[in-house]
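Structure at a glance
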Amino acid sequence: MIADWPILSLTVWIPIIGGFMVLASGDREANATKWTALIISILTFIVSLPLWFAFDSSTSAMQFVERVPWVPAFDVEYYMGVDGISMPLIILTTFITPLVVIAGWEVIKYRPSQYMASFLIMEGVMVGVFSALDAMLFYVYWEAMLIPMFLIIGIWGGANRVYATIKFFLYTFLGSVFMLVALIYMYFQSGNFDILGFHTLKLGLTEQILIFIAFLLAFAVKVPMWPVHTWLPDAHVEAPTGGSVILAAIMLKIGGYGFLRFSLPITPDASHTLDWLIIGMSLIAVVYIGFVALIQQDMKKLIAYSSIAHMGFVTLGFFIVFIISQNNAGSGAALGVQGGMVQMVSHGFISAALFLCVGVLYDRLHSREIKDYGGVVNTMPVFGAFMVFFAMANAGLPGTSGFVGEFMVILASFRADFWYAFLAATTLIIGAAYTLWMVKRVIFGEVTNEGVAALEDMNHREYIVLGTLAAAVLLLGLWPAPLVEVMDASVNNLLQHIAVSKL
Amino acid sequence: MQFDSTQLIPVLPEISLLTLACVVLVVDLYIREEQRILTYAITQIGLILTLGVTIAVSMPAEQILFDGSYIRDPMSDLLKMAILVISFLAFLYAKDYLRDRGLFKGEFYTLGLFAVLGMMVMTSANSFLTIYLGLELLALCLYALVAFDRESPRGAEAAMKYFVLGALASGMLLYGISMIYGAAGTLQFDELAAVVKKGDLNQLVMIFGVVFLVIGLAFKLGAVPFHMWVPDIYHGAPTPVTLLIGSAPKIAAFALTMRILVDGLSELHGGWEGWQGMLIILAVLSMGIGNLIAIAQANIKRMLGYSTISHVGFILLGILAGTQEGYTAAMFYTLVYALMSAGGFGIVIALSRKGFEAENLEDYKGLNQRNPWFAGMMLLLMFSMAGVPPTVGFFAKLFVLDAVVSVDLTWLALVGVFFSIIGAFYYIRIVKLMYFDQPSDETPLTIGVDTQVALSLNGLAMLFFGLFPAGLLSLCSSAIGT
């Protein structure tokens, strides 16, 4: 029985140990190193596939559970398992990483072994974050993520990389240490660090609100939500392409995942009491950050702000459920959470693809400024087609994955309050405006300068990467049912859980 | 006084070390300059032998000897082992440095070994007199070692400061001891604990005594506001001596605190009237000022000095919790800190060479290009000091925070994590210099094989204990006696 294998451990440790192997192999045989990294990342993806295929979507219980004591004196366990919420995000992680490895193939000249190793170690640690069911194990993975990302931005990043990476590190570190204190506090209430045990832990409203704020600091920085989003544009702009892809596609999702795994079920009453705060911050992210994206001159910055706006949809979907259930709108609540989840996966594909597109251009002209481009489609027709496709997906064109999540969340918001839905729906206009305007200026029109005139179209490597992502975006856009089904039981269980007050 | 030879068995580690120090002293007189390596070899082999003896005489039961002035219990066993291992590392890292600079003299080893002996006496003291004896033995050796490089005016200045301030601290300690003796009528910790428990003594004198004791301890630990000597001494002493001062003596200072406050005065623990309140003030100030001022340092030895101060704050957090878990956590933190500190200064030594001290932060620029392996080790050490998982520094902080939250001092835990964010900045600045900047100095590193192996083990230990902290933790908790 395949479900008896320690698949989660394999998915965590194959890339980490492989990463150290790559690190040890050094840069003398750079090609062999890259191939090793690619093989390890593909192997990890294959190993993680049983999580999807052997997954029992009829239950909300944790599956593929592994549980052994780790630090017995403090009741810390090596306790991992997945449900319908975390499993798709793990597959997303293992799916994106090989693409990142391929994307860095020729571009990274300085110490490629360290580059590849950082991404592999990062992959294992991120899978660990999604699968940890012990709060301390979760925290260890959560913080360990910072080290490789710190190095990726700092070593291979752009001109202002040091500022960006230190800001990134301190911002996220600041957010998470207060979560640590909250976790320790709950340890003394419940007697162990079992996250599922925390879910059923009785807590008073004041306690809940304090814990909720501690979690909010950690997750809001990670998502990132307005007003603690300022590290993201810096980090994105300065990070190498691969770093931006991992940041946008996966690391931001960890914040969203945190809300579902910690904030909502552990502090349902505080979440209910403070839902206006989150909804407000989400709507500001959707509308205000959308306008901010409109005026960006730098393509990466534009996509970074668009990421913040799209993640606003995710948090909106998660916290709107309280208002919907007050209105007795039945299944609408599930729609909000599921919409948020679909949006997370979809945004993982689309933002990764857009950053890779910018990477393709950047590798050729070493500029991210919109004004340095124009008429790219004349010299790079295939690339132009891909970029337009992903831009459309980013703007939420029906048929692409970008539409599904946004539509579900807007639908859910309608059941809550017309004005929420109205504000959320403005994204369809603003999003289209900033994305398509960028495409217009970069891709279409006359060839504006000699650099663009000399561009060569995509090579096989880039073709494989973008082609895979385009297929994923289309598949999820046309046929989202499997994803929704997989998470259905877990989401409903979560909603039933938070409908019961802990007071 | 009854005396029989079996009483000597628990003291065998000290006897063996004393013999070793004397052998080194004598042998060194009769060998030529180029044979000095022999002195080094005897020292190291002797330390390993002493470690073996310590393990051999260790047992779960506690033994009190020599009319109650000496105690051998699991805590002293573990701390002695740690002191010996760390000292072994310190001597190993120091060897090449001393040889390159014409400081490779027998006195370094003699003084160093007597310092180690002082530390061991401190960990096993059961009365104020014994503990003072060990403390002064340690301190006198260190005063001399700080001035070991006779040519260095900065070393001489540091030694002078260290001596004056150290003497002041000893004075405070003695004054406190005399008051406590006056009130309680005993110098022995176990008897003192019994007397205090009965409560039949002059509380005012006791409290005054405790205040002076805590001041003396804070001096020795380097806690704010009695920390002034730390950065100057760390900076002024030759780096191997800084390593010697900055690592194992912290373990001894921990033992000193545990023996006096916990073995002797645990009844006076509670609240703001007891020593808990004093330690809270010391801990908060140490974490705050240590971390804040470390940011402004351009010299790595000073920076690590201030970092020590902030780590002492964390160790005090564990002790002031006043529970078995708290003491265990503080002990775990102390051992981990000694290991981190040894590794950190080990790297500083390894990057230095004849005529060049890698003291400024700029000297770490581009280390990843010059030597990726040791850059990686320093990375592990720095993240461990910052307390970022999966390194062991995180667990050290976690256990202490756990202990503090368990006694309803959650606000202190918040203060602790807040300052550790500030602390993270200067540690990752080192990582930034090593990884993100171009080297300004391209000289290839020449590091001896033994140092390479030891430094690698030291760095990887951060990762190893970070992934498997349970073993070390259970050692600590059985040493504390839970």
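Quick note: structure is the one above.
Figured I'd write up the structure that's included with this text.

Parameters at a glance
- Residues numbered from 1 in each chain as written.
- Chains lettered and ligands numbered in written order.
- Predicted model: local features only at pLDDT ≥ 70, side-chain atom pairs only at ≥ 80, totals over all residues.
- Heavy atoms only, no water.
- Contact = heavy atoms within 4.5 Å.
- Buried area = accessible area lost by both parts, 1.4 Å probe.
- Salt bridge = Lys/Arg side-chain N within 4 Å of Asp/Glu carboxyl O.
- Polar contact = N/O pair within 3.5 Å; in protein donor to acceptor, adjacent residues only side chain to side chain.
- Helix = DSSP H or I, 4+ residues; strand = E, 2+ residues; numbered from the N terminus.
- Nonpolar A, V, L, I, M, F, W, Y, C, P; charged D, E, K, R; others polar.
- Patch = residues over 30% accessible without salt bridge, like charges linked within 9 Å, V, L, I, M, F, W, Y side chains within 5 Å.
- Areas by Shrake-Rupley, 256 points an atom, 1.4 Å probe, with all protein chains shown as cover.
- Buried < 20%, exposed > 50% of the residue type's maximum accessible area, 1.4 Å probe, protein only.
- Core = buried A, V, L, I, M, F, W, Y, C linked by side-chain atoms within 4.5 Å.
- Expected span 1.5 Å × (residues − 1).
- Bend = angle between axes of the 7 residues up to and from the residue.
- Pairing = 2+ DSSP bridges.

**Digging into the interface of chain A and chain B**
- Opposite the 37 residues of chain A that make contact, chain B presents 38 residues.
- Across the chain A/chain B interface, buried area totals approximately 3400 Å², and carbon plus sulfur atoms make up 84% of it.
- Connecting chain A to chain B are 0 salt bridges.
- At the junction of chain A with chain B, the criterion picks out 5 residue pairs in polar contact (both at pLDDT 80 or more).
- Elements supplying a minimum of two residues to the side of chain A that touches chain B: α1 (7-25), β1 (63-71), α5 (135-144), α6 (146-156) and α7 (161-190) of chain A.
- Residue composition of the side of chain A that touches chain B, grouped by class: 31 nonpolar, 3 polar and 3 charged.

**Considering a nonpolar patch on the surface**
Residue and element names in this part refer to chain A.
- A grouping of F414, F418, W419, F422 and L423 is seen on the molecular surface, where their side chains present a nonpolar patch of about 540 Å² in accessible area.
- Of all the elements, helix α20 (residues 418-442) adds the most residues to the nonpolar patch, at 4 residues.
- Relative accessible area serves as the criterion here: at 54%, W419 is assigned to the exposed category.

**Quick look at the nonpolar core**
- The biggest cluster of nonpolar side chains holds 390 residues, and the ones touching the most others in it are I96 and F383 of chain A together with L265 and W275 of chain B.
- Ignoring anything within four residues of it in the chain, the contact list for W275 of chain B reads V210, V214, L261, V262, L265, S266, L268, H269, I319, L320 and Y327 of chain B.

**Some remarks on helix α9 (residues 205-222) of chain A**
All names here are of chain A.
- Taking 1.5 Å per residue as the helical rise, α9 with its 18 residues ought to reach 26 Å, and the 25 Å between its terminal C-alpha atoms agrees with that figure.
- Along α9, the sharpest kink reaches roughly 25°, centred on L216.
- Those residues of α9 that sit buried are Q208, I211, F212, A214, F215, L216, A218, F219, A220, V221 and K222.

**Things to note about the pairing of strand β2 (residues 76-82) of chain A**
Residue and element names in this part refer to chain A.
- For β2, the tally of buried residues reaches 7 of 7 residues, placing the bulk of the element in the interior.
- Side-chain alternation along β2 places V76, Y78, M80 and V82 on one buried face and E77, Y79 and G81 on a second face that is also buried.
- Of the strand pairs in this sheet, β1 and β2 are connected by 6 bridges, and their pairing is antiparallel. Its bridge partner being in β2, P69 is matched across the sheet by E77.
- Where β1 folds back on β2, the antiparallel hairpin that results is connected by 4 residues, among which D75 adopts a positive phi of roughly 55°.

**What about the pattern of salt bridges?**
- Under the defined criterion, the tally for this structure stands at 26 salt bridges over all chains.
- A salt bridge links R461 of chain A to E462 of chain A, with the nearest nitrogen and oxygen atoms 3.6 Å apart.
- Overall, the relative accessible area of 12% leaves R461 of chain A in the buried class.
- Classification of E462 of chain A by relative accessible area gives buried; the value is 6%.
- When the shortest N-O distance is used, the salt bridge between K95 of chain B and D450 of chain B registers 2.8 Å. One end of the pair, K95 of chain B, is in helix α3 (residues 74-100); the other, D450 of chain B, is in helix α19 (residues 449-467), and 355 residues separate them in sequence.
- According to the relative accessible area criterion, D450 of chain B is partly exposed, its value standing at 27%.
- Shared partners join several salt bridges into a network, and the residues in it are E106, R364, R461 and E462 of chain A.

**Let's talk about the environment of A132 of chain A**
Residue and element names in this part refer to chain A.
- Secondary-structure assignment places A132 in the loop between α4 (112-131) and α5.
- The sequence separation of A132 and G405 amounts to 273 residues, and the corresponding C-alpha distance is 26 Å.
- The contact partners of A132, leaving out residues within four places of it in the chain, are Y79, M80, L137, F138, Y141, I195 and Y257.

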